[in-house]
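Notes for the structure review
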Amino acid sequence: NYLINNKIIEPHRTNLIRGSGVDLSEFKYSKETKGEINVVLASRLQRDKGVLEFIEAASKLIESGLKAKFILVGMIDDQNPSAIEKKKIEEWENEGLIIWLGHQSNMPAILKDAHIVCLPSYREGLPKVLLEAASCGRPIVATDVPGCREIVIHGYNGYLVPVMDSDMLSKCLHELIINKALRQEMGLKGRELVENNFSINIVIEKTISL
């Protein structure tokens, strides 16, 4: 819209391809595993990915007596000024707030074991991990920012919460943790959303066509 409104490009010569797509055969739909609920945040461990809000929400839910595991997946990016210090992550682990798995290369397996995927990021492009989570049939709780809005429809396949709002984040996570039927319903809708809009085959076809 910006480019069109400023007459940099002509409307009939534009084409929007949303994201790089996801391989539906690699990130397969699966029913959730039995046992304690796993809430997963998978990203580089930076403040602007909403890691602090995730920890605050986890703390509130654990203090309320809710049974769930809060899992961080990702590496520390020492070169980024927003990076979370390793010492801090280890403190959270020792307090029993989170489990830190570090960098993981097998994301299909991580998402298969997840019950809910969370990304309370301050800003995004179109997060690959959310496409992959939806493809695996996992409900998502993310922030109401461009990028996350592309893949999460509030109340349909997950929830969108305000940036830096750990209270609302904890409320939405609580709703999904206690409601298996809601998780399954949102997970199925997320898979359908990816199949119809974000399959890598669709993206390839659009790109070659263009």
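Placed above this text is the structure.
The following refers to the structure shown. These numbers were taken from a predicted model, which means no experiment stands behind them.

Reading the values: the criteria
- Residues numbered from 1 in each chain as written.
- Predicted model: local features only at pLDDT ≥ 70, side-chain atom pairs only at ≥ 80, totals over all residues.
- Heavy atoms only, no water.
- Buried < 20%, exposed > 50% of the residue type's maximum accessible area, 1.4 Å probe, protein only.
- Helix = DSSP H or I, 4+ residues; strand = E, 2+ residues; numbered from the N terminus.
- Pairing = 2+ DSSP bridges.
- Right-handed = clockwise from strand over helix to strand, strands pointing away.
- Disulfide = S-S within 2.5 Å.
- 1 Å grid on protein atoms, 1.4 Å probe; cavity = no way out; pocket = protein on both sides within 12 Å on 5 of 7 lines; lining within 4 Å.
- Points joined across faces, edges and corners; volume = space filled by probe spheres on them.
- Nonpolar A, V, L, I, M, F, W, Y, C, P; charged D, E, K, R; others polar.
- Axes fitted to C-alpha atoms, helices over the stretch in contact; angles between N-to-C directions.
- Contact = heavy atoms within 4.5 Å.

In summary, the side chains of a regular strand alternate between the two faces of the sheet. Of the two faces of strand S5 (residues 140-143), the one lined by Ile-140 and Ala-142 and the one lined by Val-141 and Thr-143 are each fully buried. Sheet topology places strand S4 (residues 116-119) next to S5; three bridges connect them, and they run parallel. Counted as the bridge partner of Cys-118 is Val-141 from S5. Handedness of the β-α-β unit built from S4, helix H5 (residues 128-135) and S5 comes out right-handed. One ladder, built from four bridges, connects S5 with strand S6 (residues 158-161); its direction is parallel. For Val-141, the partnering residue across the bridge sits in S6 and is Tyr-159.

In the structure shown here, the tally under the stated rule is zero disulfides. Sulfur of Cys-136: no disulfide; nearest cysteine sulfur belongs to Cys-118 and is 17 Å away. A relative accessible area of 2% places Cys-136 in the buried class.

Our focus in this paragraph is empty space enclosed by the protein. Scanning the entire structure with this criterion turns up one cavity of 30 Å³ or more. In this structure, the largest cavity spans a volume of roughly 70 Å³. When the residues that make up the lining of the largest cavity are grouped by side-chain class, the tally is two nonpolar, four polar and four charged.

To continue, consider the packing of H5 against helix H8 (residues 180-197). Describing two packed helices takes the angle between their axes plus the distance from one axis to the other. At a minimum axis separation of 7 Å, H5 and H8 run at an interaxial angle of 115°. Residue-level inspection shows Leu-131, Ala-134 and Ser-135 of H5 in contact with H8, the latter providing Gly-187, Gly-190, Arg-191 and Val-194. Here the residues of the contact of H5 with H8 sort into three nonpolar, three polar and one charged.

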